[in-house]
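# Structural overview for review
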Amino acid sequence: MAACIAFMMNDIEDAQEHWGDGWENVEEYGSTAYGHNLHTWDDGQRKLRRCIRCGGYILCQWSEFHSFADDDDYYTDFFPVESPEEADEFNQRYDGYQIEQLLSRRFLCITNGRYHWVERKED
């Protein structure tokens, strides 16, 4: 088992093209598990997906911030995971904020439609 190869690509457009065929849902974790939220802001959820093209795993986290003055903000994070067991380990270990701040891996973020890589080195 392995993570999706899109996380090894330097160019975000290449990663998006790789994901162009889509994903299959492996597991839906919902919005809470193990006593904490699986999203960062007001609403959200996590799912484990498998890339149709390479068969690698992707842990997806969606978060929505409800604004009372402006439009809501939307955040999506794509985390590379090696297996369903590792995805569940991350669900146990990290709430929505912690996984974004503490995970020592490169992952892809979408903030209000804008894509960017987050680089964190392994310990």
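Preceding this section is the structure that the text describes.
Just so you know, these numbers come straight off a predicted model, no measurement behind them. What you see as residue numbers is a count from 1 along each chain, following the sequence as written. Confidence filtering applies because this is a predicted model: local features only for residues at pLDDT of at least 70, side-chain atom pairs given and counted only at 80 or more, and all residues used for totals across whole chains, interfaces and linings. With hydrogens and water excluded, all non-hydrogen atoms of the structure serve as input to the side-chain values.

### A few points about the packing of aromatic side chains
- Aromatic rings from Phe, Tyr and Trp, with only the six-membered ring used for Trp, were paired whenever their centres fell within 6.5 Å, and each pair was classed as stacked if the ring planes differed by under 30 degrees, edge-to-face if by over 60, and tilted otherwise. According to the stated counting rule, one finds nine aromatic pairs in the structure shown.
- When the centroid spacing of 4.6 Å and the interplanar angle of 45 degrees are considered together, the rings of Phe79 and Phe107 count as tilted. Of the two residues, Phe79 is situated in strand β6 (residues 73-81) and Phe107 in strand β7 (residues 107-111); the sequence distance between them amounts to 28 residues.
- Three or more aromatic residues link up through ring pairs in this structure, and these residues are Phe7, Trp19, Trp23, Phe78 and Trp117.
- Each ring is checked for a lysine NZ or an arginine CZ that lies within 6 Å of its centre and within 35 degrees of its normal; such an atom marks a charge sitting over the ring. Stacked on the ring of Trp117, the Lys or Arg Arg106 has its end atom at 3.8 Å from the ring centre. Helix numbering and strand numbering both begin at the N terminus, where a helix is a DSSP run of H or I of at least 4 residues and a strand a DSSP run of E of at least 2.

### Some thoughts on the sheet that holds strand β8 (residues 114-118)
- Only when DSSP finds a minimum of two bridges between them are two strands counted as paired. Taken together, the six strands give an open sheet; going across it, the order is β1-β4-β5-β6-β7-β8, and neighbouring strands pair in antiparallel fashion. At either end of the open sheet lies a strand with only one pairing partner, and these are β1 (23-30) and β8. Recorded for the sheet is a direction-independent mean angle of 20 degrees between the axes of neighbouring strands.
- Examined bridge by bridge, β1 and strand β4 (residues 43-51) share six bridges and lie antiparallel to one another. Where helices are involved, their axes are fitted lines through C-alpha atoms of the stretch in contact, as for all axes, and angles between N-to-C directions lie from 0 to 180°.

### A few points about helix α2 (residues 84-93)
- Those residues of α2 that fall on the buried side of the exposure criterion are Glu86, Ala87, Phe90 and Asn91. Viewed along the axis of α2, the buried residues span an arc of 150 degrees, placing them on a single side of the element.
- Working rule for contacts: check all heavy atoms of both residues, and any pair within 4.5 Å makes them a contact. Against β1, β3 (36-37), β4, β5 (57-65), β6 and α3 (96-102) lie the buried residues of α2. Accessible area is worked out with a 1.4 Å probe on protein chains only. A residue is then buried under 20% of its type maximum, exposed over 50%, and partly exposed in between. What the arc describes is the spread of directions from the helix axis to the C-beta atoms.

### Topic: the nonpolar core
- To qualify as a nonpolar core, a set must consist of buried Ala, Val, Leu, Ile, Met, Phe, Trp, Tyr and Cys residues joined through side-chain atoms within 4.5 Å. Counting residues in hydrophobic clusters, the biggest one holds 16 residues, and the most contacted among them are Leu59, Val81, Phe90 and Ile99.
- Mapped onto this core, the elements with two or more residues apiece are β5, β6, α2 and β7.
- Leaving out residues up to four positions away in the same chain, Phe90 has contacts with Arg46, Leu59, Pro80, Val81, Ile99, Leu103 and Arg105.
- Ranked by size, the runner-up nonpolar core spans 14 residues in total, among them Cys4, Phe7, Ala15 and Leu108.

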